[in-house]
Amino acid sequence: YRTVSPESTDRFTRPTPVRGVAGAIQLSASLDYVCAVRDDGSVVCWGDGGLGRFGYEDAPRGTHVVAVPGIANATAVAAGNNHVCALRRNRTVACWGSNEYSRLGAQRVREPFRPRTITGLGPVSAVSASISHTCVLQQNGAVRCWGLVGGARTDDRVTRAAPVTVPLVNVR
């Protein structure tokens, strides 16, 4: 899917500038796509835009840098396996893409490809997306997660549609 660069013919060994991401201030790469925050607060992505990852129901794959609609004032982006979340200047988080395991912070989402604000969070300082869940660090130091969350063992994991506080044990 040319996630290294839409212009690159040698995907793995030669760095190639990516057109359309001028002014990038932060980026996040997943398995087969990349998203970047530009200095104007917009988010752009390239690679495999399937499952609504680029903010469209049917996004192009591979050759184009695509601006995500409905996202402004982003300061950070987190690319999960099949979903993306953006932290905005007002300290809120919006997510879009696949809602499998309630990755988008709700059991049912009518149009998962459209960015939606995650409710139930205080002011957020950082966001991280993974294969099946998302976590945020709130300004008060609390960590809140949603999606498939839980312990290291599979039988400890539970799908959480709404953000839950994760107890931090033995953190020094």
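Refer to the structure above for everything that follows.
Conventions and cut-offs
- Residues numbered from 1 in each chain as written.
- Predicted model: local features only at pLDDT ≥ 70, side-chain atom pairs only at ≥ 80, totals over all residues.
- Heavy atoms only, no water.
- Helix = DSSP H or I, 4+ residues; strand = E, 2+ residues; numbered from the N terminus.
- Buried < 20%, exposed > 50% of the residue type's maximum accessible area, 1.4 Å probe, protein only.
- Contact = heavy atoms within 4.5 Å.
- Pairing = 2+ DSSP bridges.
- Disulfide = S-S within 2.5 Å.

**Let's talk about the overall build of the chain**
Argument step 1. When helices and strands are tallied, the chain shows zero helices and 12 strands.
Argument step 2. Along the chain direction, N to C, the helices and strands of the chain fall in the order β-β-β-β-β-β-β-β-β-β-β-β.
Argument step 3. For the chain, with 172 residues in total, the buried portion stands at 45%.
Argument step 4. For the chain, long-range pairs separated by at least 24 residues make up 38% of all intrachain contacts whose partners lie at least 6 apart in sequence.

**Details of the sheet that holds strand E2 (residues 33–38)**
Argument step 1. Ordered in space as E1-E2-E3-E4, the four strands form an open sheet in which the pairing is antiparallel. The sheet is open, and its two edges are formed by strand E1 (24–29) and strand E4 (66–67), each paired on a single side.
Argument step 2. Here E2 pairs with strand E3 (residues 43–47) via five bridges, running antiparallel. The residue bridging Val37 from the neighbouring strand is Val43, located in E3.

**What to know about the sheet that holds strand E7 (residues 93–97)**
Argument step 1. Spatially, the four strands line up as an open sheet ordered E5-E6-E7-E8, and their pairing is antiparallel. Two strands bound the open sheet, and with one partner strand each, they are strand E5 (74–79) and strand E8 (116–117).
Argument step 2. Both strand E6 (residues 83–88) and E7 contribute to a ladder of five bridges, which runs antiparallel. Counted as the bridge partner of Val84 is Trp96 from E7.

**Examining the state of the cysteines**
Argument step 1. One pass over the structure, following the stated rule, counts three disulfides.
Argument step 2. One disulfide bridge connects Cys35 with Cys45, the sulfur atoms lying 2.1 Å from each other. Its S-S torsion of approximately 105 degrees makes the covalent link between Cys35 and Cys45 right-handed. Here Cys45 lies in strand E3 and Cys35 lies in strand E2, a separation of 10 residues in the sequence. Considered together, Cys35 and Cys45 belong to a single accessibility category, that of buried residues.

**Describing unusual backbone geometry**
Argument step 1. Not every positive phi belongs to a glycine, and Leu51 is a case in point at roughly 65 degrees.
Argument step 2. By the element assignment, Leu51 lies in the loop between E3 and E4.
Argument step 3. Overall, Leu51 belongs to the exposed group, its relative accessible area being 51%.
Argument step 4. Although it is not a glycine, Ser102 adopts a positive phi angle of roughly 60 degrees.
Argument step 5. Take Ser102: its relative accessible area is 7%, and that puts it in the buried class.

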